[in-house]
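Report on the structure
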Amino acid sequence: KITGIGHYTPETIITNHYFIEKGLDTSNDWIVERTGIHQRRFNKPNSGSSELSHKASLKCLDNAKLSPEDLDLIIVATSTPDHLSFPSTACILQEKLNCKNTPAFDLSAACSGFCFALSTAENYLLNDNYKHILVVGVDCLSSITNLNDRKTAILFGDGAGAVILTKTNSKNSGIIYSKMYSNGTHKDILKIPEGGSKSPINPEVTKNESHYIHMDGKAVFKSAINTTVPAIKEALNSVNLSTNDISYLICHQANKRIIDNIALKLKIPNEKVIINLDKYGNTSAASIPLAMSEFNDTIGFKKGDILVLVGFGAGFTWGVNIVIWE
Ligand code: ACO
């Protein structure tokens, strides 16, 4: 079950007007109407995902009333690690938290990262060696976004969210369902074309700006809806719940129109749909725990609330977790 939750967002607020002042051919009306985003946060230079993770994790540990030494494992879902390849951001976080013997690793599933990490942590908890697992979703997408490309620049932001999963024997609380999905045939609709092992960074790559996010927005939009709606139905069916039983739907915060479409197709009323992308944009792996944690701090979940978490993103990947809040 989830025994702690916390989030952190950087201080620098980037409004839609920032892009207009920067000279991009866009408008506040276009961005708000097509995405629902009013502003996002950008991390400060030389900070990185580990710093955001650290701040979110401290809040989460405080919320759980646990200390770093209580953690048996740290999983960090991110596509924007502090360093390309290694060391993992999870190891840097482990050092920052000063929990010396705790194993720590990163997990990469783009914007589905948090759902994948929750599923992974849940499986570790079946093993008696693990009691408390810190699961962090963090991304600094501003570091891999071409701020001169109006099609992507306006969408992304930076942030971190964290939960602690604790082993429980109760069948009626905590994570009652998790499923991860991938479809590599859609790998090209959202990607960073170069700068990896296939085509390492060099002046040509930089000149072509192919080390930044490239996206077929329409294809991503359709894939997000076509994959998640059946996955949510399958999830509810397998635990004998209906859409009426859902207390809150918490989708990956990519675009308000995507979330509205998912909710409409499932006939879930607006008041049960948690949205905070207007303030933070798409923070990738951070978006679900960030939305959950902020809601819990402001309005608050109640014991017994049924939360449906839905991630989708590059790969193409998607995932669903159903959580009964305690
Ligand atoms: N300002 C003004 N005009 C713009 C902008 C902008 N910022 N961006 C694109 N346009 C233009 C396009 O160039 C196009 O012009 P044209 O008709 O002259 O060619 C026109 O607006 C329409 O563009 P579309 O791409 O058709 O616009 P659409 O309504 O599809 O909205 C958007 C684009 C917002 C990107 C949408 O497709 C979307 O949200 N897709 C999903 C994105 C997403 O979820 N990505 C993250 C996935 S998660 C992850 O793994 C990172």
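Bear in mind the structure is a predicted one, so any value in this text is a computation, not a measurement.

Ordered in space as β8-β13-β12-β11, the four strands form an open sheet in which the pairing is mixed. Two strands bound the open sheet, and with one partner strand each, they are β8 (174-182) and β11 (248-251). Taking the axes of each pair of neighbouring strands and ignoring which way they run, one obtains an average angle of 10° across the sheet. Pairing analysis gives eight bridges linking β8 to strand β13 (residues 317-324), with the strands arranged antiparallel. The residue bridging Ser178 from the neighbouring strand is Asn321, located in β13. Packing against the sheet, helix α9 (residues 256-265) makes contact with β11 and β12 (306-313), and its axis sits at approximately 140° to β11.

Attention shifts here to the packing of aromatic side chains. Any pair of aromatic rings gets described here by the distance separating the centres and the angle formed by the planes. Following the criterion strictly, the structure yields 10 aromatic pairs and no others. Between Phe301 and Trp325, the ring centres sit 4.8 Å apart and the planes meet at 50°, which makes this aromatic pair tilted. Of this pair, Phe301 sits in the loop between α11 (287-298) and β12 while Trp325 sits in the segment after β13, and the two are 24 residues apart along the sequence. Summarising the burial analysis for this pair, Phe301 and Trp325 share the class buried. Here Phe316 and Trp318 contribute two aromatic rings whose centre-to-centre distance is 6.3 Å and whose plane-to-plane angle is 40°, an arrangement assigned as tilted. Grouped by ring-pair contacts, the aromatic residues Tyr248, Phe295, Phe301 and Trp325 constitute a single cluster.

Let us now look at the packing of helix α8 (residues 217-238) against α9. As a packed pair, α8 and α9 sit with axes 10 Å apart at the nearest point and diverge in direction by 35°. Of the two elements, α8 crosses α9, and the hand of that crossing is right-handed. Contacts from Phe221, Ala224, Ile225, Thr228, Val229 and Ile232 of α8 reach α9 at Arg257, Ile258, Asn261, Ile262 and Lys265. Considering only residue class, the contact of α8 with α9 consists of seven nonpolar, two polar and two charged.

A word on unusual backbone geometry. For the bond from Phe86 to Pro87, the omega torsion is 0°, close enough to zero to count as cis. As for its position among the elements, Pro87 is in the loop between β4 (73-77) and α4 (89-97). Note that the residue after Gly315, namely Phe316, is joined by a cis bond; omega there is -5°. Mapped onto the secondary structure, Phe316 falls in the loop between β12 and β13. Of note, the phi angle at Glu209 is positive, near 55°, even though the residue is not glycine.

Another point: the pattern of salt bridges. All told, the structure shown has 10 salt bridges when counted by the stated rule. Its salt-bridge partner being Glu51, residue Lys55 comes within 3.3 Å of it at the nearest N-O pair. Taken as a pair, Lys55 and Glu51 lie in helix α3 (residues 49-64) at a separation of four residues, close to a single helical turn. Of the charged contacts in the structure, one is a salt bridge between Lys179 and Glu234, with a shortest N-O distance of 2.7 Å. Pair noted here: Lys179 is in strand β8 and Glu234 is in helix α8, with a separation of 55 residues, a long-range link. Residues joined by salt bridges that share partners form a network here, namely Lys44, Glu51 and Lys55.

Parameters at a glance
Residues numbered from 1 in each chain as written. Predicted model: local features only at pLDDT ≥ 70, side-chain atom pairs only at ≥ 80, totals over all residues. Heavy atoms only, no water. Pairing = 2+ DSSP bridges. Helix = DSSP H or I, 4+ residues; strand = E, 2+ residues; numbered from the N terminus. Axes fitted to C-alpha atoms, helices over the stretch in contact; angles between N-to-C directions. Contact = heavy atoms within 4.5 Å. Phe/Tyr/Trp six-rings, centres within 6.5 Å; stacked < 30°, edge-to-face > 60°. Buried < 20%, exposed > 50% of the residue type's maximum accessible area, 1.4 Å probe, protein only. Left-handed = near helix turned anticlockwise from the far one by under 90°. Nonpolar A, V, L, I, M, F, W, Y, C, P; charged D, E, K, R; others polar. Salt bridge = Lys/Arg side-chain N within 4 Å of Asp/Glu carboxyl O.

Read these as layout, nothing more, since geometry by itself doesn't imply function.
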